[in-house]
Amino acid sequence: CVADPLLFDTPVVGMSADFLELAGAQVSEVIGKNCRFLVNGISELEQSRAVSSNAAEFCCSARAVGMCGMAPMVTVRRNRKLSG
């Protein structure tokens, strides 16, 4: 999925059909939401604090200086399907 760090709470603004299939979701369940909903139910031991911290830092930087000249950020983290 693609999220926009320049918008409040970094909402999802785009996603692929494959992402929707993996998440077990419909576009209406994902668009406009922050990606955090995908880690609900994943224990803290299974989540990477470094990934969360890096994502938060990237979003803060993007808001402070804008996206021009910033390299895209790609994260990989354990997610769950909406059905659990």
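Quick word on the environment of V30
Here comes step 1: Within the element layout of this structure, V30 appears in helix 2 (residues 27-30).
Here comes step 2: Classification of V30 by relative accessible area gives buried; the value is 0%.
Here comes step 3: Spatially, the C-alpha atoms of V30 and A56 are 20 Å apart, while their sequence positions differ by 26 residues.
Here comes step 4: If sequence neighbours within four positions are ignored, V30 has contacts with V12, M15, F19, L20, A25 and F37.

With respect to the pattern of salt bridges
Here comes step 1: Scanning all chains against the criterion turns up 1 salt bridge.
Here comes step 2: The partner of D9 in a salt bridge is R36, with the nearest N and O atoms 2.7 Å apart. In this pair, D9 sits in the loop between strand 1 (2-3) and strand 2 (12-14) while R36 sits in the loop between helix 2 and helix 3 (49-65), placing the two residues 27 residues apart along the sequence.

Criteria and cut-off values
Residues numbered from 1 in each chain as written. Predicted model: local features only at pLDDT ≥ 70, side-chain atom pairs only at ≥ 80, totals over all residues. Heavy atoms only, no water. Helix = DSSP H or I, 4+ residues; strand = E, 2+ residues; numbered from the N terminus. Buried < 20%, exposed > 50% of the residue type's maximum accessible area, 1.4 Å probe, protein only. Contact = heavy atoms within 4.5 Å. Salt bridge = Lys/Arg side-chain N within 4 Å of Asp/Glu carboxyl O.

By themselves, these are just geometric observations and shouldn't be taken as functional.
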